[in-house]
Amino acid sequence: MEKAKNLASNGVRITGIGHYLPERIVKNEEIRARLKYPEMHPAEKAVIGDIGVIERRRANEKETPQFMATETAKMILKDAGKDPKDVDLYILANWTDRFYLPDLAPQASKMSGTSNAFAFDISTACTGFVHGVQMGAAFLSSGKYKSALVIGSERFSVRTRMSGYGEFTAGDAAAGVLLEYTGDKNYGIIDSFLKDDGDLSWLIEMGPAPNHYIKSYPELVTNAADLTLSSMDQLMDKHGLKVEDIDWVIPHPGTDVVVQDVLKRTKFPKEKLLLNFERVGNTSAASIPIALSEYYYKGIVKKGDLILSPAVGAGFYWGGLLYRL
């Protein structure tokens, strides 16, 4: 496809991609066998819908967010042809394992061998990857840093009550990218944005870790779908883009109800939306990069492709990325 005109990046490019999926696969039959109630509560049905997930991964005791991030970092750096010591920043997006202290990123960075990197956590739920890439690009654009690992590593299962219907949607995984400042305006991050609305913060709630579980309200669905579509429109309108200009849309999926609503209302043909939701579920900050990584290694997503990635997350946040790989 001919490149869309007048699209200049900020010179920060994705040069490495990777992901990690826990070893254990949990199929729907296993979850159904331990359900506490045979029927879904109407409020749950409004958020979860027809589930839409056939299988998902469950992390074991060894597969902590730090461990999964480390395995992801290895894959990313191999793809980029970089030594761990070349990394200047290590940004880890995680909300599922949040504690007051310490941050997880310094531990993951040490395990990854990125001894020269400044490592820190961010926690904006399912918009974590968008947030991390936007923040990483800003650091690199300052001229003080040249490369940044941005990884989403989440164990959604530990924030979902087992034997409940929410378990069908929750997935564990890690995925991310290496950002480098190349100065080449033809490739890289063209635009990004995040917005927030405290009035919507009640849509998704969870008490302090580690003994509380996520709770979503039915109104989440309409807001999530509306803001996902709005994020896509905002980035396209700003740059005068048409559907045919975009090679792929890789969104954060949320739940099946949100996915189906977005698919029904989007101007994009389904063939342009790359999802792996039915195999991995909602992996929060790992959702966008894990789909990007899987389709990249399958040879479907290629260098030079123009990609749009919207996301909505608790907080309440929404936004997206526009980038040429």
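Everything numeric in this text was worked out from a predicted model, so none of it was measured. (Residues numbered from 1 in each chain as written. Predicted model: local features only at pLDDT ≥ 70, side-chain atom pairs only at ≥ 80, totals over all residues. Heavy atoms only, no water.)

Time to look at the sheet that holds strand S13 (residues 317-324). Sheet strands line up and pair through hydrogen bonds in the backbone, either parallel or antiparallel. Strand order across the open sheet formed by four strands is S8-S13-S12-S11, with mixed pairing between neighbours. Either end of the sheet is taken by a strand with one partner, and the two such strands are strand S8 (188-196) and strand S11 (248-249). Judged from the eight bridges that link them, strand S12 (residues 306-313) and S13 form a sheet pairing that is antiparallel. Counted as the bridge partner of Gly313 is Tyr317 from S13. Here helix H5 (residues 128-141) sits on the sheet in contact with S8, S12 and S13, set at roughly 125° to S8. (Pairing = 2+ DSSP bridges. Helix = DSSP H or I, 4+ residues; strand = E, 2+ residues; numbered from the N terminus. Contact = heavy atoms within 4.5 Å. Axes fitted to C-alpha atoms, helices over the stretch in contact; angles between N-to-C directions.)

A word on the nonpolar core. Of all hydrophobic cores here, the largest spans 42 residues; its most connected members are Leu220, Ile246, Val249, Phe268, Leu308, Phe316 and Leu322. Secondary structure elements with two or more residues in this core: helix H2 (42-48), S8, helix H6 (219-238), helix H7 (256-265), S12 and S13. For this core, the element with the most residues is H6, which contributes nine residues. The contacts of Leu308, once residues within four sequence positions are left out, are Met232, Leu235, Met236, Ile246, Trp248, Val249, Ile250, Phe268, Leu321 and Leu322. Counting residues in each nonpolar core, the second largest holds 33 residues, with Phe120, Val177, Ala291 and Ile307 among its members. (Core = buried A, V, L, I, M, F, W, Y, C linked by side-chain atoms within 4.5 Å. Buried < 20%, exposed > 50% of the residue type's maximum accessible area, 1.4 Å probe, protein only.)

Turning to the side chain of Glu180, a few remarks are in order. Residue placement: Glu180 occurs in strand S7 (residues 172-181). We classify Glu180 as buried; its relative accessible area is 14%.

What follows deals with the side chain of His19. Here His19 is to be found in strand S1 (residues 12-20). Within the local environment of His19, its side chain forms a polar contact with the side chain of Ser293, the two groups lying 2.6 Å apart. (Polar contact = N/O pair within 3.5 Å; in protein donor to acceptor, adjacent residues only side chain to side chain.)

Moving on, we get to the environment of Lys303. With respect to the helices, strands and loops of the structure, Lys303 is situated in the loop between helix H9 (287-297) and S12. With sequence-adjacent residues up to four places away left out, Lys303 is seen in contact with Arg13, Ile14, Thr15, Tyr296 and Leu325.

With that settled, consider the pattern of salt bridges. Going through the model one piece at a time under the given rule, you end up with 16 salt bridges. Here Arg34 makes a salt bridge to Glu30, at a shortest N to O gap of 3.2 Å. Across the pair Arg265 and Asp261 runs a salt bridge, and its minimum N-O distance is 3.0 Å. Residue Arg265 and its partner Asp261 are both found in helix H7; the two are separated by four residues, about one turn of the helix. Judged by relative accessible area, Arg265 falls into the partly exposed class, the value being 40%. The exposure class assigned to Asp261 is buried, which follows from its relative accessible area of 18%. What you see here is one network of salt bridges that share partners, running through Arg24, Glu30, Arg34 and Glu167. (Salt bridge = Lys/Arg side-chain N within 4 Å of Asp/Glu carboxyl O.)

Such coordinate-based values are descriptive only and should not be taken to indicate function.
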